[in-house]
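Close look at the chain arrangement
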Amino acid sequence: MIWRIITGAVLAVVLAFTGALGLIFTQNPKEMSGQSAADFSLWANDSGEDAAPLQPLRMADGYDLMVRTYGGADNVPLLVILHGAGWHGLGLDKLANGLSGHADVIVPDLRGHGTSPGERGTLSYIGEFEDDLARMIYMLKKPDQKIIMAGHGAGGGLVMRFAGGPFGGLLDGAVLLAPSLGPKAVTVRQTSDGWNHVLSRRILGLRFLNSFGITALNHLPVVQINMPKDVLDGPIGDTATTSYSYNLNASYGPHRDYLADVAALPPFIVIAGTADPLSVADQYAPTMGAVTDKGRYDLLLGASHLGVVDDPRTLGIIKGFLDEF
């Protein structure tokens, strides 16, 4: 009897692992159309020649994280701004310049992105973004300086993840620009076809393996970003990142219990556009407000997902928020 139970249990485990591998290897990346719901053409022809220069910061493993810095006045907070999916910190240069009198602004090219990605589109382990950001903050903050973290799109989701993780106590405030709350959140516009291709079966298989501590296949791509052809053919198209591994994708947004991350946020503002093809702007307040009263919500009439970054209304709202610290 005991042997039958043991044999049955072993067989069940073998079948489960076989099924997981089947999910992983029977779904593969596909050819993308080059027609995206997100209008990256706003940044397609920006070569970055007039932007703040990139500077290296040495991370714990020897990787040089590339950052842009924008000096602030005396007695201002440190503001870290995180870019969204597919691109890098150059898209935030105008906003960062506009805020430089109100904060010491740092804009990193997150690991796996930009001109010096390390290995593009992947991380060594889940949570590496948070470790990099914490190290960067410790390296650059002044004594007793307030820390504000801002993020756009997936970068906003990463701000929430940071707040809900082991380094969340570092943050005194947060700025979220059309933040990604996760694929199941009601803030995600379900009609945003063409923005990306998610290999959902592969994610399920890898999630199963990870639940047993098996991470050897976490380098495999699980999300493709449909970057427009005019961007890829542009002057810096080679700096776009069009594919994310399981490690990177799992690190670039809130934890699966995203409302727990929302509840962990310090005082924050959310800024979103009513013409955003990826997010349902008017759902941020009821969704996030259900678990925290620390947020303020601003809807920008007519602003798109990328357009919200350089909208002058965004600049004014963030300046006012920073002046409270």
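Quick summary incoming for the structure in this document.

Procedures and definitions
- Residues numbered from 1 in each chain as written.
- Predicted model: local features only at pLDDT ≥ 70, side-chain atom pairs only at ≥ 80, totals over all residues.
- Heavy atoms only, no water.
- Helix = DSSP H or I, 4+ residues; strand = E, 2+ residues; numbered from the N terminus.
- Buried < 20%, exposed > 50% of the residue type's maximum accessible area, 1.4 Å probe, protein only.
- Expected span 1.5 Å × (residues − 1).
- Arc of directions from axis to C-beta.
- Axes fitted to C-alpha atoms, helices over the stretch in contact; angles between N-to-C directions.
- Parallel < 35°, antiparallel > 145°, perpendicular 65-115°, else oblique.
- Contact = heavy atoms within 4.5 Å.
- Nonpolar A, V, L, I, M, F, W, Y, C, P; charged D, E, K, R; others polar.
- Phe/Tyr/Trp six-rings, centres within 6.5 Å; stacked < 30°, edge-to-face > 60°.
- Salt bridge = Lys/Arg side-chain N within 4 Å of Asp/Glu carboxyl O.
- Pairing = 2+ DSSP bridges.

**Regarding unusual backbone geometry**
Where the residue is not glycine, phi is negative for most of them; where a peptide bond is considered, it is trans in most cases. Residue Asn 75 is not a glycine yet carries a positive backbone phi of 55 degrees. Along the chain, the position of Asn 75 falls in the loop between strand E2 (64-70) and strand E3 (78-82). Look at Asn 75 and you get exposed, because its relative accessible area is 81%. One non-glycine residue, Asp 144, lies in positive phi territory at about 65 degrees. Among the structural elements, Asp 144 can be located in the loop between helix H3 (128-140) and strand E5 (147-152). You can call Asp 144 exposed: its relative accessible area is 76%.

**Some points on helix H5 (residues 200-211)**
The first and last C-alpha atoms of H5 sit 17 Å apart over 12 residues, in line with the 16 Å expected at 1.5 Å per residue. The complete set of buried residues in H5 reads Arg 202, Ile 203, Gly 205, Leu 206, Leu 209 and Asn 210. For H5, the buried positions fall inside an angular range of 165 degrees around the axis, keeping them on one side.

**Digging into the packing of H3 against helix H4 (residues 154-163)**
Interhelical geometry of H3 versus H4 gives an angle of 80 degrees and a closest axis separation of 10 Å. For the element pair H3 / H4, the angle class is roughly perpendicular. In contact with Phe 129, Glu 130, Leu 133, Ala 134 and Ile 137 of H3, H4 contributes Leu 158, Arg 161 and Phe 162. Looking at the contact of H3 with H4 residue by residue, the class counts come to 6 nonpolar, no polar and 2 charged.

**Structural notes on the packing of aromatic side chains**
Inspection of the entire model under this criterion finds 6 aromatic pairs. The interplanar angle of 85 degrees and the centroid separation of 6.0 Å between the aromatic rings of Phe 268 and Tyr 297 together place this pair among those described as edge-to-face. Placement of Phe 268 in strand E10 (residues 268-273) and of Tyr 297 in strand E11 (residues 295-300) is noted, with a sequence separation of 29 residues between them. What makes Phe 268 buried here is its relative accessible area of 1%. Given the relative accessible area of 26%, Tyr 297 is considered partly exposed. Cluster of aromatic residues (ring-pair linked, three or more members): Phe 129, Tyr 244 and Tyr 252.

**Some points on the pattern of salt bridges**
Counted by the stated rule, this structure contains 10 salt bridges. The partner of Asp 64 in a salt bridge is Arg 58, with the nearest N and O atoms 2.5 Å apart. Taking relative accessible area as the criterion, Asp 64 reaches 27% and is therefore assigned partly exposed. With relative accessibility at 46%, the residue Arg 58 sits in the partly exposed group. The closest approach of N and O atoms between Asp 233 and Lys 229, which form a salt bridge, is 2.5 Å. In this structure Asp 233 comes out as exposed when scored by relative accessible area, which is 55%. Lys 229 sits in the exposed class, given a relative accessible area of 55%. A network of salt bridges, in which partner residues are shared, links Asp 61, Arg 111, Glu 128 and Asp 132.

**Details of the sheet that holds strand E9 (residues 243-245)**
Pairing between the strands of a sheet is mediated by backbone hydrogen bonds and can be parallel or antiparallel. Taken in spatial order, the 3 strands of this open sheet run E7-E8-E9, and their pairing is antiparallel. A strand with exactly one partner marks an edge of an open sheet, and here the two such strands are strand E7 (196-198) and E9. Each strand axis lies, on average, 20 degrees off the axis of its neighbour in the sheet, ignoring direction. Examined bridge by bridge, E7 and strand E8 (residues 221-225) share 3 bridges and lie antiparallel to one another. Each bridged residue has a counterpart across the sheet, and for His 197 the counterpart in E8 is Gln 224. Running over the sheet, H5 touches E7 and E8 and is turned about 150 degrees from E8.

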